[in-house]
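The chain contents come next:
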Amino acid sequence: MKTTHTLLAAALAALAPSIALASCGASFCAVNTNWTAESALTEASDAFDLRYEYMNQDQPMSGSDKVSVGQVPSHHDEVSTQNRNVVLSYGHNFGNGFGLTVSAAAVQREHFHIHNHHGAKIGDSWKFTALNDARIIGRYQLTGVADPLKPASAGITFGVKLPTGKYDESNAQGARAERSMQPGSGTMDLIAGSYYHQKLTALDASWFAQAQYQHAINTRENFRPGAQLGVDVGVRKGLAGGLGIQGQLNYVHKCADSGSEAEPASSGGRFLYASPGLSYALSKSTQLYAFYQVPLHRHVTGVQLTANRALVIGLSARL
């Protein structure tokens, strides 16, 4: 099951877009599909990953409580945001401990909210498909354990999120969508992290831990996204016939956005998710995987839309 242990790792969304959890609910899924990418790329020069995500954010939250639409009085009531994301990643190993991954995504977003204007309720909606901000992430393996029964490695990741995505999408009436819902933030962000993973060869299993921090270094048109920290831990067990089962815990802590175009009173929060999954090796170099994510804990600032579930399906390959 060595293939099962390494191919899913080549799913290289190590560099998958980070979560944007603002009042409108513009978001990517928190599932980590890259956690052994570093070891996978020591055995292959190149790796590709194509990942589809679906998340319907239709559950308003206030603090840690579920609320109904309009239950908490506001200038506008968030109703729903549907996110369909396609993430493409390419990773290359330079063979000296260094590696590089480039990733970007196309997002399709549908958002609806109710504008409360002098007692009248006016529905506003947006629907767009656009590219989001691209990412370039380097990695360096600091150490490794050569024990054939329990090989392990640890390293660091470092890179940038580039301001390549649009941040001025408007609806048919010409109203610009809130910045937190836009496909791009307009800012350049620094990204740094670390990882540790280990294979338990005798059990045909492996486990990992990874942390990543992202921080915007500039403001763009009066908007600056809040810094965020993501921490992931997970295990994977190989089964017969190329199958594998997996389980993850994904934690995200996001600070409030800032600037006159931001909504600091309704952005940021703390989130913990459980993400069970399956993988299937189509061949020695190609693999399918799927995750189903559910929230275990949500605490938001103000009132925000959240999702009660999310789905990730992907195809990865290494050369």
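Look up a bit, the structure's there.
Calculation criteria
Residues numbered from 1 in each chain as written. Predicted model: local features only at pLDDT ≥ 70, side-chain atom pairs only at ≥ 80, totals over all residues. Heavy atoms only, no water. Helix = DSSP H or I, 4+ residues; strand = E, 2+ residues; numbered from the N terminus. Buried < 20%, exposed > 50% of the residue type's maximum accessible area, 1.4 Å probe, protein only. Areas by Shrake-Rupley, 256 points an atom, 1.4 Å probe, with all protein chains shown as cover. Phe/Tyr/Trp six-rings, centres within 6.5 Å; stacked < 30°, edge-to-face > 60°. 1 Å grid on protein atoms, 1.4 Å probe; cavity = no way out; pocket = protein on both sides within 12 Å on 5 of 7 lines; lining within 4 Å. Points joined across faces, edges and corners; volume = space filled by probe spheres on them.

A word on the overall build of the protein
Here's step 1: A count of helices and strands for the protein gives two helices and 15 strands.
Here's step 2: Residue burial in the protein is summarised as follows: out of 319 residues, 51% are buried.
Here's step 3: Within the structure as shown, the protein displays about 13300 Å² of accessible surface, and the carbon and sulfur contribution to it stands at 62%.

What about the packing of aromatic side chains?
Here's step 1: In the structure shown here, the tally under the stated rule is five aromatic pairs.
Here's step 2: Their ring planes at 40° and their centres at 5.1 Å tell us that Phe-48 and Tyr-90 sit as a pair that is tilted. With Phe-48 in strand β1 (residues 46-57) and Tyr-90 in strand β4 (residues 76-93), this residue pair connects regions lying 42 residues apart in the sequence.
Here's step 3: Among the residues examined, Phe-48 registers a relative accessible area of 36% and is labelled partly exposed.
Here's step 4: Pairing Tyr-196 with Trp-207 gives two aromatic rings, centres 5.4 Å apart and planes at 45°, and the pair type is tilted. On the criterion of sequence distance, the pair formed by Tyr-196 in strand β9 (residues 189-200) and Trp-207 in strand β10 (residues 205-216) is long-range, its members being 11 residues apart.
Here's step 5: According to the relative accessible area criterion, Trp-207 is partly exposed, its value standing at 31%.

Quick look at the layout of surface pockets
Empty space among the atoms becomes apparent when a probe as large as a water molecule is rolled across them.
Here's step 1: Computed from the structure, the largest pocket encloses a volume of approximately 210 Å³.
Here's step 2: Along the wall of the largest pocket there are 18 residues; nearest its centre are Ser-74, His-76, Asp-77, Glu-78 and Val-303.
Here's step 3: Elements represented by at least two residues in the lining of the largest pocket include exactly β4 and β14 (286-306).
Here's step 4: Ranked by residues supplied to the lining of the largest pocket, first place goes to β4 with three residues.

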